[in-house]
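# Geometric and topological summary
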Amino acid sequence: MPPGPIPSHGGVLAALMAAAQRCEELRARSRDWPSWDLTERQLCDLELLLNGGFSPLRGFMTKAEYEGVRDGMRLPDGTLWPMPVTLDISGEFARRLDAGAHVALRDPEGTMLAALHVEAVWEPDREREAEAVYGTMSLEHPGVAHLLERTNPYYLGGRVEGVHLPFHYDFRALRLTPAELRAEFARLGWRRVVAFQTRNPMHRAHVELTLRAARDAEANLLIHPVVGMTKPGDVDHYTRVRCYQAVLARYPAFTVKLALLPLAMRLAGPREAVWHAIIRKNHGCTHFIVGRDHAGPGKDSAGRPFYAPYDAQELLRKHEAELGVTMVPFRQMVYVEEQGAYYPEDEVPAGARVLGISGTELRARLGEGREIPEWFTFPEVARELQRTHRPRHHQGFTVFFTGLPSAGKSTIANVLLVKLLEMGGRPVTLLDGDIVRKQLSSELGFSREHRDINIRRIGFVASEITKNGGIAICAPIAPYDKVRKEVRTIIEPLGGFILVHVATPIEICQQRDRKGLYAKARAGIIKEFTGVSDPYERPSDADVTVDTTALAPEEAAQEILLHLEREAYVGPAAAEQVSGNG
Ligand code: PPS
């Protein structure tokens, strides 16, 4: 399309004033509309709908758009679009809406970001969607797990009209909309731009790959990392962005630009690669790098990959001409030791020794405070990663006790508290069952629902302590397996989580009956009493099991300390730190 006439200052001003007036009008009219608080995923999608990153979509998909995309990767007018972009809502909310209604879309703080003009509300077949979009129904695929387990049952489709873009306060200078990036490329005179998508820190292999790609395409380079939602367990985007900023100096001056993309990834491999290419075209890029297992979630628990390594390249190759984006395909880059250089795996000289470090190995090295070799990553990137991923003896952790009433949890927890305080180096907090019930959960009873709320509260406090480098010792009964696992899942990415089962048999607990509660429970005076009239689910995932029938509290605490030492959470380094602090 030829560029239109350049609007006069007066014209721009008039357009801005009209837009501001329309926002005011939408805000005023929304007084009578139902509101929907957007989830994290929906917020990301809305941002790219509003800023043109998802062009030509003009709102969350209608049923016809959704079905066309799900089954044939096309919108009803034939435009290629591989990924459903849908707004999932609860059944209760769906029942309040008809076609023609309007909804105020709000962020978690309640600020209205957009108006949605309702065109369709329907109940999708999410299993069919999983099979069509992800090629699997396995809940081990994070995109499928999100769809089947964390997506509301109804979809709401319709055009969105923006009132305000979602708010971001981090790295503002790097958050460029498609229009801003296109204007920037025009200003710089960049006519060919190759985009690099990533959700990981950039190591030497990535720098080498992007340099080669830019050289091959005779193009400038846009490093365009995803900072919306990536794979659970990925390095947080703050750390990653500092790493990207650090590697910029490794590129020839004035050839590269860094911008952040607020996308919620689906990890749908081949379909996602096509989607990424469309999004980059909208951001003014002409070329797009696709490497090995692009946007794939890796392997399942049996070690089988969800997608073949070059499936994504194959699918994009079929569509690149239609899209008008040139794919720059790349094989895996590996380090050839004797050459001291990186090569694509299919160009390695015969018989040469290649070196590599997997993500798991890198995490282990960071966790143990081991060296990260310079052939793998630049020292400035290693330093950033080390700042965030402290070795285990500097990380926070949670020791989470579970066991029957009077099993000995509190007594051992108190001994452990004192031992850890003696060692020093980290703040230690004890969240004992009884104390929590007084301070945090005084309104709760002992129904399953209330016990789960209680454990989630304890888990939340422990996760904050762990995240900030402290030690949380929790000693509730925590009789239910599901919520214990939930707490583990929240805490493990933030530091250590050690589940201690105090497996003292019920007969011994009843004999002790320190508070006289078993007697009351047997007499029916106390209802829903764990072990008597309410179940206790023994953990099969305990990291330490102690039985206080024959173990003194000090001995049981010692077992836990030995485990912590074996796992490197406490040990010589922590002791050194104490003496160092004098
Ligand atoms: S839970 O299930 O984890 O929420 O229970 P918790 O908060 O740890 O319970 C704390 C103490 O409450 C006393 N108590 C009961 N326990 C179990 N069932 C019933 N119905 C009940 N009523 C009161 C009990 O003494 C728990 O403390 P411990 O130290 O385990 O004996």
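The sections below set out a description of the structure shown in this document. As the structure is a prediction and not an experimental result, all values here were calculated from the model. Per-chain numbering applies: the sequence of each chain, read as written, is numbered from 1 onward. For this predicted model, a pLDDT threshold of at least 70 governs which residues receive local features, and a threshold of 80 or more governs which side-chain atom pairs are given and counted, while totals over whole chains, interfaces and linings are taken from all residues. The side-chain quantities take in all heavy atoms of the structure and omit both hydrogens and water.

A surface patch of nonpolar side chains, amounting to about 400 Å² of accessible area, comprises Val12, Leu13, Leu16 and Met17. Every helix listed is a DSSP run of H or I at least four residues long, and every strand listed is a run of E at least two residues long, numbered separately from the N terminus. Note on placement: leucine 13 falls in helix H1 (residues 9-29). Only residues whose relative accessible area exceeds 30% and that take part in no salt bridge are eligible for patches, with like-charged residues grouped when within 9 Å of each other and nonpolar side chains (Val, Leu, Ile, Met, Phe, Trp, Tyr) grouped when within 5 Å. Where accessible areas are quoted, they stem from the Shrake-Rupley method and a 1.4 Å probe; at the residue level, only the protein chains shown are allowed to cover. The working definition used for a salt bridge is a side-chain nitrogen of Lys or Arg within 4 Å of a carboxyl oxygen of Asp or Glu.

Moving on: the nonpolar core. Among the nonpolar cores identified, the biggest contains 71 residues, and Phe54, Trp81 and Leu105 are the most heavily contacted of them. Note that the domain bounds reflect an automated or database-derived domain assignment. Here this core gathers at least three residues from each of two domains, domain 1 (23-162) and domain 2 (172-388). Those residues in contact with tryptophan 81, other than ones at most four positions away along the chain, are Phe54, Ser55, Pro56, Leu57, Met61, Val69, Met73, Arg74, Leu75, Trp275 and Ile278. Buried Ala, Val, Leu, Ile, Met, Phe, Trp, Tyr and Cys residues that are joined via side-chain atoms within 4.5 Å together make up what is termed a nonpolar core. The buried label applies to any residue whose accessible area, calculated with a 1.4 Å probe on protein chains only, is under 20% of its type's maximum; exposed applies above 50%, and partly exposed to all values in between. Formed by 40 residues, the second largest nonpolar core is a distinct cluster that contains Leu221, Val247, Val328 and Leu366. We call two residues in contact whenever any of their non-hydrogen atoms come within 4.5 Å of each other.

What follows deals with the sheet that holds strand S14 (residues 354-355). Spatially, the three strands line up as an open sheet ordered S13-S12-S14, and their pairing is antiparallel. Each of the sheet's edge strands pairs with one partner strand only, and the pair in question is strand S13 (341-344) and S14. One requirement defines pairing of two strands: DSSP has to find at least two bridges between them. Note: strand S12 (residues 333-336) against S13, four bridges, orientation antiparallel. Note that in S13 the partner of methionine 333 across the bridge is proline 344.

Right, let's talk about the packing of helix H14 (residues 409-423) against helix H20 (residues 553-566) for a bit. The convention used is that axes are lines fitted to C-alpha atoms, helices contributing only their stretch in contact, and that angles between N-to-C directions extend from 0 to 180 degrees. Two elements in contact, H14 and H20, have axes whose closest approach is 9 Å; the angle formed by their N-to-C orientations is 55°. Judged by the inter-axis angle, H14 sits oblique to H20. In this structure, the crossing between H14 and H20 has a hand that is right-handed. Facing Thr411, Ile412, Val415, Leu416, Lys419, Leu420 and Met423 of H14, the residues of H20 in contact are Pro553, Glu554, Ala556, Ala557, Ile560, Leu561, Leu564 and Glu565. As a working rule, the residues Ala, Val, Leu, Ile, Met, Phe, Trp, Tyr, Cys and Pro are called nonpolar, Asp, Glu, Lys and Arg charged, and the rest polar, with Gly in that last group. Class assignment of the residues belonging to the contact of H14 with H20 gives a composition of 11 nonpolar, one polar and three charged. Working definition: roughly parallel below 35 degrees, roughly antiparallel above 145 degrees, roughly perpendicular at 65 to 115 degrees, and oblique for all remaining angles. Handedness of each helix crossing follows the sense of rotation of the near helix against the far helix: counterclockwise by less than a right angle gives left-handed, clockwise gives right-handed.

Right, let's get into the packing of aromatic side chains. Under the pairing criterion, centres of Phe, Tyr and Trp rings, with the six-membered ring standing for Trp, must be within 6.5 Å; the plane angle then separates stacked pairs below 30 degrees from edge-to-face pairs above 60, leaving the rest tilted. Under the definition given, this model contains 14 aromatic pairs. With a centroid separation of 5.8 Å and 80° between ring planes, the pair formed by phenylalanine 54 and tryptophan 81 is classed as edge-to-face. Of the two residues, phenylalanine 54 is situated in the loop between helix H2 (40-51) and strand S2 (59-60) and tryptophan 81 in the loop between helix H3 (63-72) and strand S3 (87-89); the sequence distance between them amounts to 27 residues. Relative to tyrosine 569, the ring of phenylalanine 397 has its centre 5.4 Å away and its plane inclined at 50°; by these criteria the two rings are tilted. Taken together, the residues phenylalanine 397 in strand S15 (residues 397-403) and tyrosine 569 in the loop between H20 and helix H21 (572-581) connect sequence positions 172 residues apart. Judged by relative accessible area, which is 0%, phenylalanine 397 ranks as buried. By relative accessible area, tyrosine 569 is classed as buried at 6%. Across the ring face of phenylalanine 446, the terminal group of arginine 437 is positioned such that the distance to the ring centre comes to 3.8 Å. Charge-over-ring contacts are defined here by two conditions on Lys NZ or Arg CZ: a distance within 6 Å of the ring centre and an angle within 35 degrees of the ring normal.

Near the ligand lie 21 residues; those nearest to it are Arg437, Arg451, Asn454, Ile477 and Glu528. Within the side chain of lysine 409, one N or O atom sits 2.9 Å away from an oxygen atom of the ligand. Within the side chain of arginine 451, a nitrogen or oxygen atom sits 2.8 Å from an oxygen atom of the ligand. Summarising the interface, the protein chains cover 93% of the accessible area of the ligand, which totals 620 Å² for the free molecule. Put simply, the parts of the chain that give the shell around the ligand at least two residues each are helix H15 (433-439) and helix H16 (448-467). Partitioning the shell around the ligand into residue classes produces 10 nonpolar, four polar and seven charged. Near residues are defined by distance, with any heavy atom within 4 Å of the molecule or strand qualifying the residue. Here a polar contact means two N or O atoms within 3.5 Å. Within protein one must be a hydrogen donor candidate and the other an acceptor candidate, and residues neighboring in sequence count only if both atoms are side-chain atoms.

Moving on, we get to the environment of proline 391. For proline 391, the location among the structural elements is in the loop between helix H13 (379-388) and S15. When its relative accessible area of 16% is taken as the criterion, proline 391 is described as buried. Proline 391 has contacts with Leu366, Gly367, Glu368 and Gly369, leaving out every residue within four places of it along the chain.

Moving on: the pairing of S15. As a general feature of sheets, a regular strand has side chains that alternate between the two faces. Counting buried positions along S15 yields seven of seven residues, so the element is predominantly enclosed. Residues Phe397, Val399, Phe401 and Gly403 point to one face of S15 and Thr398, Phe400 and Thr402 to the other, with burial holding for every one of them. Relative to strand S17 (residues 471-475), S15 is paired through four bridges, and the arrangement is parallel. Its bridge partner being in S17, valine 399 is matched across the sheet by isoleucine 473. Both S15 and strand S18 (residues 496-502) contribute to a ladder of seven bridges, which runs parallel. Paired with threonine 402 across the bridge in S18 is histidine 501.

Any functional reading would require information beyond the geometric quantities listed.
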